[in-house]
Amino acid sequence: ATLQQGLAFNKKTNHLMAKNGIPLLRIVNLKNGTSDKFVNEREVNPKFISTKEDIIFTRTGQVGLVFRGRHGIVHNNCFRVIPYENISRGYMYWYLRQDIIRRKANALAGGSAQPDLNHNAFKSIGFIYPEDLQTQESVANTLQNYEDLVENNSKRIEKLESMARLLYRHYFEVPESDGWEELPLSEALVVHRGKSYKSSELSESGGLPFVNLKCINRGGGFRKD
């Protein structure tokens, strides 16, 4: 692939900012899907403009994040990855999204306080691919179908959780008076205290799982990790 660096904003380029125009794609905007700063498109070199088909890779600060589907001016903390004609854009996108690629990119990024991945360091990362373009597209389409399925199911889960919250408020926060009775919890349940333990009693294998405060999220709910 070839790379196209994003546009640097400084004293020479600050005049390009506008109240409206084409969105400026900083890392925070790419992560949150937001558009809060804009650039006068007519005064910017087209090489800095990303289409929704382009792959954007973050190179400074938060190194190794991969995005596509955004139209705007790529900020200097990112660059566009432009695959050669024999490489599928979809395959390249999914390949770069691997955790191992992000770890390699961060290992190659110089600087401790502000990691920075230069072009040569990025290009040194290994790239494995099937030579047949059709096979590459098949891999990309399969992964995209799964991502679409996950996104759709996530939206369904969000709707169901919203419905559950409404029902919860209906039944428990403002209960009807007819047929409802109020008791102290001591008359409705039995409490069993948890077990105090010594470190010598714990084992890395065998026995039953041990549930302690680390297993519970701050806002409630079980931590599966």
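Residues numbered from 1 in each chain as written. Predicted model: local features only at pLDDT ≥ 70, side-chain atom pairs only at ≥ 80, totals over all residues. Heavy atoms only, no water.

Is there a simple way to explain the overall build of the protein chain in this structure?
Assigned secondary structure in the protein chain consists of 5 helices and 9 strands. Starting at the N terminus and ending at the C terminus, the protein chain contains elements arranged as β-β-β-α-β-β-β-β-β-β-α-α-α-α. Computed over its C-alpha atoms, the radius of gyration of the protein chain comes to 26 Å, more than 25% above the 17 Å expected for a compact globule of 225 residues. Put simply, the protein chain has 225 residues, and 28% of those count as buried. Once local pairs closer than 6 in sequence are excluded, the contacts in the protein chain between residues at least 24 apart make up 62%. (Helix = DSSP H or I, 4+ residues; strand = E, 2+ residues; numbered from the N terminus. Rg over C-alpha atoms; globule rule 2.2 N^0.38 Å. Buried < 20%, exposed > 50% of the residue type's maximum accessible area, 1.4 Å probe, protein only. Contact = heavy atoms within 4.5 Å.)

Any chance you could explain helix 5 (residues 133–173) here in plain terms?
In an α-helix there are 3.6 residues to a turn, and that puts residues three or four apart on one side. With 41 residues, helix 5 ought to run about 60 Å at 1.5 Å a step, and its terminal C-alpha atoms sit 58 Å apart, in line with that. Looking only at helix 5, the buried set comprises Q136, A140 and Q144. Buried residues along helix 5 sit in contact with helix 2 (89–96). (Expected span 1.5 Å × (residues − 1).)

I keep staring at the confidence of the model for the protein chain and nothing clicks. Help me out?
Note: predicted coordinates in regions of low pLDDT should not be interpreted at a detailed level. Chain-level statistics for the protein chain give a pLDDT mean of 92 and a share of 97% at 70 or above. Element-level mean pLDDT values for the protein chain span from 86 in strand 2 (residues 17–18) up to 98 in strand 6 (residues 55–58). (pLDDT = per-residue confidence, 0-100.)

For this particular structure, what's the right way to read the sheet that holds strand 1 (residues 2–5)?
What links the strands of a sheet is backbone hydrogen bonding, and the strands pair in either a parallel or an antiparallel sense. With respect to topology, 4 strands assemble into an open sheet ordered 1-9-6-7, the strand pairing being antiparallel. Of all the strands in the sheet, just strand 1 and strand 7 (66–67) have a single pairing partner and so form its edges. Note that strand 1 and strand 9 (residues 78–82) share 4 bridges and pair antiparallel. Within the sheet, the bridge partner assigned to Q5 lies in strand 9 and is F79. The strands touched by helix 2 within the sheet are strand 6, strand 7 and strand 9, with strand 6 carrying the most contacts at an inclination of about 20 degrees. (Pairing = 2+ DSSP bridges. Axes fitted to C-alpha atoms, helices over the stretch in contact; angles between N-to-C directions.)

Before we go on, may I ask you to explain the sheet that holds strand 8 (residues 72–74) in this structure?
On the basis of which strands lie adjacent, the open sheet formed by 5 strands has the order 2-4-3-8-5 and mixed pairing. Across the chains shown, the open sheet's two edge strands, defined by having one partner strand only, are strand 2 and strand 5 (49–50). Two elements, strand 3 (residues 22–25) and strand 8, share 2 bridges in a ladder whose sense is parallel. Along strand 8, the bridge assignment pairs L25 with V74.

What is the right way to look at the side chain of T60 in this model?
Positionally, T60 belongs in the loop between strand 6 and strand 7. At 3.1 Å, the side chain of T60 forms a polar contact with the side chain of R59. Look past the residues within four positions of T60 in its chain and what remains in contact with it is I27, N77, Q114, P115 and D116. (Polar contact = N/O pair within 3.5 Å; in protein donor to acceptor, adjacent residues only side chain to side chain.)

Sorry if this is basic, but what is going on with the side chain of R80 here?
Mapped onto the secondary structure, R80 falls in strand 9. At a separation of 3.3 Å, a polar atom in the side chain of R80 contacts the side chain of D54. For R80, the contacting residues outside a window of four places in its chain are T2, L3, Q4, K47, I49, S50, D54, I55, I56 and V74.

How should the nonpolar core be read in this particular structure?
Burial of nonpolar side chains together is a common tendency in soluble globular proteins. Counting 22 residues, the largest nonpolar core has I55, F57, V81, L96, L117 and F122 as its most contacted members. Going through the elements one at a time, strand 6, strand 9, helix 2, helix 3 (99–108) and helix 4 (119–123) are the ones with two or more residues in this core. For this core, the leading source of residues is helix 2, giving 6 residues. In this structure V81 touches A1, T2, L3, I55, F57, M92, L96 and F122, once residues within four positions along its chain are discounted. Within the second largest apolar cluster, 9 residues are counted, among which are L7, I22, V39 and V44. (Core = buried A, V, L, I, M, F, W, Y, C linked by side-chain atoms within 4.5 Å.)

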